[in-house]
Each structure stands twice: as structure tokens, then as C-alpha cells.
Amino acid sequence: MSAVAPLIPARQKDVNRAKVCDDNFVEFVKGWSGRPEPRPAPHEAVLEGSACTAADFLELFESQLVSRHLDLMARVLRVQQKVFYTIGSSGHEGNAMVARLTRHTDPAFLHYRSGGFMAERFRKLPGMDPVMDSALSFAASSEDPISGGRHKVWGSKPLWVLPQTSTIASHLPKALGTAIAIEQARRIGHALPIPDDSIAICSFGDASSNHASAQTAFNTAQWTAYQKLPAPVLYVCEDNGIGISVKTPGGWIANAFRHRDGLDYFYADGLDIAEGYGQVQAAVEHCRRTRRPTFLHLRTTRIMGHAGTDFEIEWRSFEELMAVEASDPLLRSAQIALQSGLMGKDELLAKYEAMRARCFAAAEVADSKPKLDDLAEVMRPLAPYTPDKVAAEAARSDYADKRLAVFGSEAKLPENQPPKHLAIQINQALHDLFAKYPETLLFGEDVAQKGGVYTVTKGLHKAFKNARVFNTLLDETMILGLAQGYANMGMLPMPEIQYLAYFHNACDQIRGEACSLQFFSNGQYRNPMVMRIASLGYQRGFGGHFHNDNSITALRDIPGLVVGCPSRGDDAAMMLRTMMALAKVDGRVCAYLEPIALYMTKDLYEAGDGQWLTSYPPVDQAMVLGEERVYFPEARDLVIFSFGNGVPMSLRAAREIEAKHGWKVRVVDLRWLQPLNEAAIARHAGDCARILVVDEGRRSAGVGEGIITAVVEAGHGAKPLRRVVGQDTYTPLAGAAFLVIPADADIVAMASELA
Ligand SMILES: Cc1ncc(C[n+]2csc(CCOP(=O)(O)OP(=O)(O)O)c2C)c(N)n1
Ligand SMILES: [Mg+2]
């Protein structure tokens, strides 16, 4: 049995297809002339042979009507500026079946056409109103319960629907990550915020299934299942056969997904509740029981265009449009209602009109509610920061026994060791933080047995085992998707990106997803993490661009992201503690840039001087977000602002500058690159007669531009001011690499220009 909605008689070539679909429904019901079957009891099949009972059907049909009338309302009120979003769910309302057959505690990451799903999930908790909540979101009211007026999103805190941005496919990796996290929690003894047998649900369109971000999530699901590891994710492909105006080749979704090892394929007719219900049920039950990645191919259609602005009649044949409109699943539902004897024609039309009235009434109420009208309020959930709590958490040291167990004895504690270089101190800090936070996981490429390319994570795997320290497959998008999944389940992930150059291909997972979650959920959801990235140039052993990338710009303009870059071991340990506290307390996403070339650096001025070794700071010491380290604070003739490799370079150059010009030179290691501590920059610039910026990143849009801007905006732009920066180029191999990044001598030479 499949949808058997009859073709509607040809309509005038009306440009307003929403109106046409609306009229179609009314005319279809009025014109229905079948003979109803004996009305089924609530627990009986709605139609013979259907897995859907009459009671199921009636509620599902109502959810479909909620979704449809929200769409129709949005099209009308958009023109009146009472609604600000018209991408609808019409034709996809069958996805309500997925919501009915899952639980409100199954985390859901939804397609923008999942209005039916949303309406149905609202039934799972008493006292909730899908119409009013959605109307507030459509109207961008600050009373919108999920985003607080920041975007029209499907989302709900009590209903475990995490809001998604409209970047298609970006939510698949984190949905899989959440599924994996649900299972992994048990292995690390972490208490989940949801039942242990939950599944993660993720819906998306047919065209989106081709996206790289989607494909990596499918591949990773298969890779996981292949190793017999559980990953209870239900991928729901809402296949309407088209993406905006591009048709998906007929049969493509079934062809591409029917025979994938480790991704169990199910088909369901989303156009026909009587038929589709049992099919959806089979997929959901399979996923929950087997804990295997499951692909539900849900047949849908798209009526009323991609969005309100898409006038399909201008680019599609009239006949084709008519055929699509005839496949409207609401026509089929009306038919089921009438045929089963559950509703008479008048009753059905009355329900239809009552839902229209309810949606419009809610929209008018929503229109009267406040909007966001204050910049501070818009930005409030973007980057929460409670300094006192963060400082207390970073310095919290109530885990002495645990660290003793990790390090072996009092004598072996890192603070009782002689001064060490950066890589060792990061490694010790990681061990400490693993002892402090049992919910911490570290993962990435080569991080486990090998301990990373630079052995920074050496020993962690041995000490904390597979469940907490593990190698992932080779895909940065998925590494960051996993991180979001663990974070969604209340863990504290530390994903590692092997080299800065490889962050860029996965940047969207941080830019579009992780950093936007608190913003678009009005602070109700958070995905805290500390992302470690081996970064920057000056390597002598390992050359070329991709191991020496120095683009920090791509990180610095991500809203809400904290970016830090320590230049020495003690700072590295303290910064890591603070970042973990920022994640734990305020849910922040942090990027921790490790300057590769300084990992093993021991000396500062001369070979063997050991001046770049540092003692391990006691565990109750951390640093404040934004706090700089100042060398020679009494100096006032010149201040050099720098970070990373630039710090030891500037310290060496300072000696020469003093010898050459007799100036006393202050060197400021900014340490935190985003947000930049503009007040500190202004203070040091104010104190000193001359200003130099040493920025190993690129000339354009780099940290240096931010520093200079802070200096100028603070009113110190008239002072002699220069910068030494990397060039706007890729980094070449071998010795040529050093032509494109600052050298000690460049700093000395530039200082002379300030004389
Ligand atoms: C990464 C990305 N590229 C492009 C777009 C623009 N875009 C929005 S929806 C869409 C088509 C999606 O089609 P499909 O996945 O089939 O979903 P449907 O709208 O048909 O339900 C495109 C290209 C986007 N949102 N994100
Ligand atoms: Mg589509």
C-alpha cells in the first residue's frame, strides 16, 4: 500500500502555491466520496493491516496539522513582518512518526523540515504547546523558549532537541558523537543525563546526504560498527527528491545506502502514516535494541517550494508541480481519516480550520511579545564568563590522592621534578587534569599508544586506558563532531588536531556548530571542550607548510571561542587548567595552540643555558583568562607585544636592542589571543615610549592587527609603532621557510626604525 492521493484537478497557474495546497486539502475533503469502513476502536489498526492504531493516527494527524498550519501561517504573516522565516515542513509531516516512536529523552538533531516531528514530541511532556512555542520562534521573540529570539530553530531543552543551524549536514557528526558517547559513558563510569538505552536521532535531506560532513558521519558509523562497537544513531533521511532546485537522481538514496556494511538500511513511506508507521517502528526498534547505526530512508515530498521566496512555478513545469502537490501526505491522512470512519468530512474540515485559527492566534500573540532590542542581551549567552568560579575551579586541588596514584609517589609528582621543557609540562598537566576530571577524554590521530606525533600525550593511554584516551579515524570533522557528542552527554572532551593546517578543513564544526550552541539555545545547551592543536612554524625537523601553518585568523574570528597559546611549560600547565575550568564552569569552547617548535626548546640565549625550562606550577596555580606575562615590567623605552615563538625571539632581540640603543625593553607575552586583553595592551603601550608587535602569524587579519588596533584605539597611535609579522604566504620547505616568518634580526632591525 502506498499513498493513493488522487490528482487534484488542474488549477490556475497560481504563483501562491501555499494557497493552492491549502485549497487542495479543503477541496479534496469536500469531494471525497468513498464509503467509510466501520470506525476502529482506539487500540485497533487505523486501516486493516496497519501497525498504526486509531489512537496513534489521530494524534499523528493532529501533529501533521500543527506543522502544516504553522507553515501556512508563516507564509501569510511573513509579508506583514510578523514572521521572519518561511522554510517549512510541508510534505515532510510524516516525520511525526519518528517522534512518536522514540522518546523525548532520545537526543534529536533535526532537519529544518522536521516540524511534524517537533509537534509530536511536544506530546511527550505534559503542559507543553508546540504551536505557541513555534510561533514565538517564527516571530523572533525574546520569549522564544529555545533561542530567546536569536533564530527560528527546532529546539527544546526539556524535549532534548538540540537546536541546529541551517548549515546542512553539519549536525550529523555530532549526532553520531552523541550516540557513541551514550555507550561510552558506561565504560568510564560517567552518569548520563538520559537513560542508558537512549538513541540519538538525526534527520536531514536527501541532497544533504551527499555532503562531506554527512559522508564522514556515515563512514564513521560504519567504521565503528565494523569494530563491533555500539553507536545507536538513527539517521533519518527525509527524501523529497530535491535540494532547492536540484533533483536527486531517482533512486539515488536507496542505491547509495541500501547496501552499506555497518549502516542498517530501513525504508518507510513518510507520505502514508498507515503504511509508514510499522516501517518506522522497525527501524527505531532495531536501532534501540542492536545499538547499531541505522539509516531510515523516509519518503517525503516537498510542497510549497524550498522557502517562501522560492516561486517554483517560475522554474518548474506546471504539470510536475501539480504531480508533486498531489503527493501531499496530508491528503493521504485525510483519506485515512475518512476511509477509516474516524472522522466525517465536516468534522475533519472543522479540525483543519480550528488548527489554522489556533496557529494564527498564537502568531498574533507572539507578535505582541518582546523582541531582542539590546545588544548585550543578544550576546549574553555567546561567551558566558564567571571569573570567580572559573578561578576557583582552575585552582581546585582536592584530588591529591588521585594524582599520587597517577604519578606513583610524592617524589615523582611533577612539581618535585627539576625544570622541564614545554612538551613535558603539557604532558604532566594532562595527567593531572585526567586525575582531576574523571569525565575527561582525549582523542585524535595517533594520540594513544604513540602519544602523538610529538609524544605530548605519551603515557596517558597507559595510565587511563582505551575508554578515555583513544585514536580516532583520520578525519578532523569527525574528531570535532565526537567532541561535541561527548560534551552533549556531560563529558569534558579534549580533541586533538594534529596540525593547525588540518583544523581548517574541519573549522565549521567549531565555527558553525560548537561555538554557536550556547548562542542559539540561549545558554540552555553547552558543549564544553578544550581543543588542543599542534601549531605554528619554526620547526627545523619537519618542514613545509602543512606542519608549520601559522594562520590564527581562522580561529580568532569565531564568535565565543577562547584561543590561547602558551610559550613555556609553566604557562602551558596553568593555561590548560584555566581552559578546563572555563569549559567546566561556563561551558566554553577553547582552542589551545601548542607551538610545536617550542615543545623541546630548553635554552633561550645560548646553547645549554636551560633558560627556557620551567618548574611545574603547583596544581592550585592557574592564570586568569586574558592575563599576560610581563618580562622586565620596569622597562619603559620600548614594549614588545608577542606570543608563542615570538616570545623567546623577542627576549633575545631585547638584549641586542638594549646593547644597540641603550633602551630598557619590556616584553609582553599576551598568551591569550582571543579575546585579546585590550586593557593590558593599552596599559603597557601607555607606559612605554615605543611599541613593537612581533606576530609570527600572517600579516593580514592576524593577531598583530588586533594588537595595533587596541593600541591606536587606546590613544597611543602617535607613539613610534611598528610590527614584525609573517608574510601572507604558504610556508615553503627547508630553509626557505625562515624567509617568510620573523627572525630575531628582523625584530632588532625594526626596533631601529623606532629610534
Ligand atoms: C553547507 C551548506 N551548503 C549549502 C546550503 C544552502 N542550502 C540550504 S538547503 C539546501 C538544499 C538541501 O536539500 P535537501 O538536503 O534535500 O533538504 P530539503 O530542503 O530538500 O529538505 C541548500 C543547498 C546550506 N544550508 N548549507
Ligand atoms: Mg531534499
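Rules and cut-offs
- Residues numbered from 1 in each chain as written.
- Chains lettered and ligands numbered in written order.
- Predicted model: local features only at pLDDT ≥ 70, side-chain atom pairs only at ≥ 80, totals over all residues.
- Heavy atoms only, no water.
- UniProt positions renumbered as here; feature names shortened; annotations may be inferred.
- Helix = DSSP H or I, 4+ residues; strand = E, 2+ residues; numbered from the N terminus.
- Buried < 20%, exposed > 50% of the residue type's maximum accessible area, 1.4 Å probe, protein only.
- Polar contact = N/O pair within 3.5 Å; in protein donor to acceptor, adjacent residues only side chain to side chain.
- Contact = heavy atoms within 4.5 Å.
- Arc of directions from axis to C-beta.
- Pairing = 2+ DSSP bridges.
- Axes fitted to C-alpha atoms, helices over the stretch in contact; angles between N-to-C directions.
- Phe/Tyr/Trp six-rings, centres within 6.5 Å; stacked < 30°, edge-to-face > 60°.
- Lys NZ or Arg CZ within 6 Å of the ring centre and 35° of its normal.
- Near = heavy atom within 4 Å.
- Areas by Shrake-Rupley, 256 points an atom, 1.4 Å probe, with all protein chains shown as cover.
- Nonpolar A, V, L, I, M, F, W, Y, C, P; charged D, E, K, R; others polar.
- Donors = N, O, S within 2.8 Å, 3.2 Å for Na, K, Ca; no water.
- Right-handed = clockwise from strand over helix to strand, strands pointing away.
- Domains from an automatic or database assignment.
- 1 Å grid on protein atoms, 1.4 Å probe; cavity = no way out; pocket = protein on both sides within 12 Å on 5 of 7 lines; lining within 4 Å.
- Points joined across faces, edges and corners; volume = space filled by probe spheres on them.
- Parallel < 35°, antiparallel > 145°, perpendicular 65-115°, else oblique.

As recorded in an unreviewed UniProt entry, the protein chain goes by the name 3-methyl-2-oxobutanoate dehydrogenase (2-methylpropanoyl-transferring), listed as coming from Arenimonas terrae. Looking at the Cofactor (unreviewed entry) heading of the UniProt record, one finds this comment for the protein chain: "thiamine diphosphate". Turning to the protein chain, the UniProt annotation filed under Function (unreviewed entry) states: "E1 component of the 2-oxoglutarate dehydrogenase (OGDH) complex which catalyzes the decarboxylation of 2-oxoglutarate, the first step in the conversion of 2-oxoglutarate to succinyl-CoA and CO(2)."

Asks: Describe the side chain of R150, listing the residues and the values that go with them.
Replies: Assignment of secondary structure puts R150 in the loop between α5 (130-138) and α6 (171-188). Overall, R150 belongs to the buried group, its relative accessible area being 9%. One polar contact links the side chain of R150 to the main-chain carbonyl oxygen of E377, over a distance of 2.6 Å. In terms of polar contacts, R150 uses its side chain to reach the side chain of N522, at 3.1 Å. If we skip the residues at most four places from it in the chain, R150 touches L372, E377, V378, R380, P381, F519, F520 and N522.

Asks: How would you summarise helix α26 (residues 744-753) if you had to cite specific residues and measurements?
Replies: Residues of α26 that are buried include every one of I747, V748, M750 and A751, and no others. With its buried residues spanning 165° around the axis, α26 presents them on a single face. For α26, the elements touching its buried residues are β15 (638-642), α23 (646-661), β18 (691-698) and β19 (721-726).

Asks: Outline the sheet that holds strand β16 (residues 665-669), supporting the account with residue identities and numerical values.
Replies: The 5 strands are arranged β14-β16-β15-β18-β19 in an open sheet whose pairing can be described as mixed. Looking at strand neighbours, the two that pair on one side only are β14 (629-631) and β19, the edges of this open sheet. Adjacent strand axes in the sheet meet at a mean angle of 20° when their direction is disregarded. Bridge count between β15 and β18: 3 bridges; the pairing is parallel. Note that in β18 the partner of V639 across the bridge is I691. In the packing of α26 onto the sheet, the strands contacted are β15, β18 and β19, and the crossing angle to β19 comes to about 160°.

Asks: Lay out the sheet that holds strand β1 (residues 108-109) in plain terms, naming residues and giving numbers.
Replies: Here we have 5 strands laid out as an open sheet, ordered β1-β2-β3-β7-β6, and parallel in their pairing. Two strands close off the open sheet at either side, each with one partner strand: β1 and β6 (264-269). Pairing of β6 with strand β7 (residues 294-299) involves 6 bridges; the strand directions are parallel. Within β7, the position partnered with D264 by the bridge is T294. Sitting on the sheet, α6 is in contact with β1, β2 (200-205) and β3 (233-239), with an inclination near 165° to β2.

Asks: Account for the packing of aromatic side chains, with residues named and values stated.
Replies: Counted under the stated rule, the structure contains 21 aromatic pairs. Both rings, one in Y454 and one in Y499, keep their centres 6.0 Å apart while their planes meet at 75°; by these two values the pair is edge-to-face. One end of the pair, Y454, is in the loop between β8 (440-444) and α17 (460-464); the other, Y499, is in the loop between β10 (492-497) and α19 (507-513), and 45 residues separate them in sequence. This pair shows no difference in class: Y454 is buried, exactly as Y499 is. The structure contains a cluster of three or more aromatic residues connected by ring pairs, namely F204, F218, Y235, F257, Y265 and F295. A cation over an aromatic ring shows up here: R655 above the ring of Y605, its NZ or CZ 3.5 Å from the ring centre.

Asks: Describe in detail the site of ligand 1, supporting the description with residues and values.
Replies: Around ligand 1, 17 residues are found, and the nearest of them are H111, Y112, S166, S208 and I242. Y112 places a side-chain nitrogen or oxygen 2.6 Å from an oxygen atom of ligand 1. Within the side chain of D206, an N or O atom sits 3.0 Å from an oxygen atom of ligand 1. Contact with the protein chains covers 73% of the free accessible surface of ligand 1, which is 580 Å². Classifying every residue of the shell around ligand 1 by side-chain character gives 5 nonpolar, 10 polar and 2 charged.

Asks: Would you mind going over the coordination of the magnesium ion (ligand 2) in detail, with residue names and values included?
Replies: Listed as protein donors to the magnesium ion (ligand 2) are D206 (OD), N240 (OD1) and I242 (O); their distances from the metal cover 2.0 to 2.1 Å. Linear spacing of the donor residues for the magnesium ion (ligand 2) on their chain is D-x33-N-x1-I. The pair N240 / I242 is uniform in exposure class, with both members buried.

Asks: Now, about the pairing of β19: what can you tell me, with residues and values included?
Replies: Pairing between β18 and β19: 6 bridges, direction parallel. Across the sheet, D695 pairs through a bridge with V725, a residue of β19. The β-α-β motif built from β18, the intervening helix α25 (residues 703-716) and the parallel element β19 has right-handed crossover chirality.

Asks: Please give an account of the domain arrangement of the protein chain that cites residues and values.
Replies: Domain boundaries in the protein chain define domain 1 (17-378), domain 2 (381-598) and domain 3 (629-754). Here the C-alpha centre of domain 3 lies 54 Å away from the C-alpha centre of domain 1.

Asks: Describe empty space enclosed by the protein, with residues and values.
Replies: In the structure shown here, the tally under the stated rule is 6 cavities of 30 Å³ or more. In this structure, the largest cavity encloses a volume near 190 Å³. Surrounding the largest cavity, 18 residues form its lining, L110, Y112, Q164, T165 and S166 being those nearest its centre. Its residues assigned to classes, the lining of the largest cavity comprises 9 nonpolar, 8 polar and 1 charged. Taken as a whole, the second largest cavity holds about 60 Å³ of empty space. If you go around the second largest cavity, the residues you meet are G451, G452, V453, Y454, V456, T457, E496, Q498, R532, A534 and Y599. Looking at the lining of the second largest cavity, its residues break down into 5 nonpolar, 4 polar and 2 charged.

Asks: Explain the packing of α6 against helix α7 (residues 212-226) residue by residue, including any values.
Replies: Between α6 and α7, the shortest axis-to-axis distance is 8 Å and the interhelical angle comes to 25°. Overall, the two elements α6 and α7 adopt an arrangement that is roughly parallel. Taking contact as the criterion, the partners of L172, P173, L176 and I180 in α6 are, on α7, S213, A214, T216, A217, F218, T220, A221 and T224. For the contact of α6 with α7, the residue count by class is 8 nonpolar, 4 polar and no charged.

Asks: I'd like to hear about the layout of surface pockets, residue by residue, with values.
Replies: Considering only enclosed or pocket space, the largest pocket measures out at about 420 Å³ in volume. What lines the largest pocket is a set of 17 residues, among which Q184, R187, W223, L229 and F470 lie closest to the centre. Every element with two or more residues in the lining of the largest pocket is listed here: α6, α7, β9 (469-471) and α18 (476-488). Broken down by element, the lining of the largest pocket gets its largest block of residues, 5 residues, from α6. Classifying every residue of the lining of the largest pocket by side-chain character gives 7 nonpolar, 7 polar and 3 charged. Each of two domains, domain 1 (17-378) and domain 2 (381-598), supplies a minimum of three residues to the lining of the largest pocket. Empty space within the second largest pocket amounts to approximately 350 Å³. Looking at the lining of the second largest pocket, the elements that each hand over two or more residues are α1 (17-31), α2 (54-79) and α12 (345-368). It is α2 that provides the largest number of residues to the lining of the second largest pocket, a total of 6 residues. The residue inventory of the lining of the second largest pocket, partitioned by class, reads 10 nonpolar, 4 polar and 8 charged.

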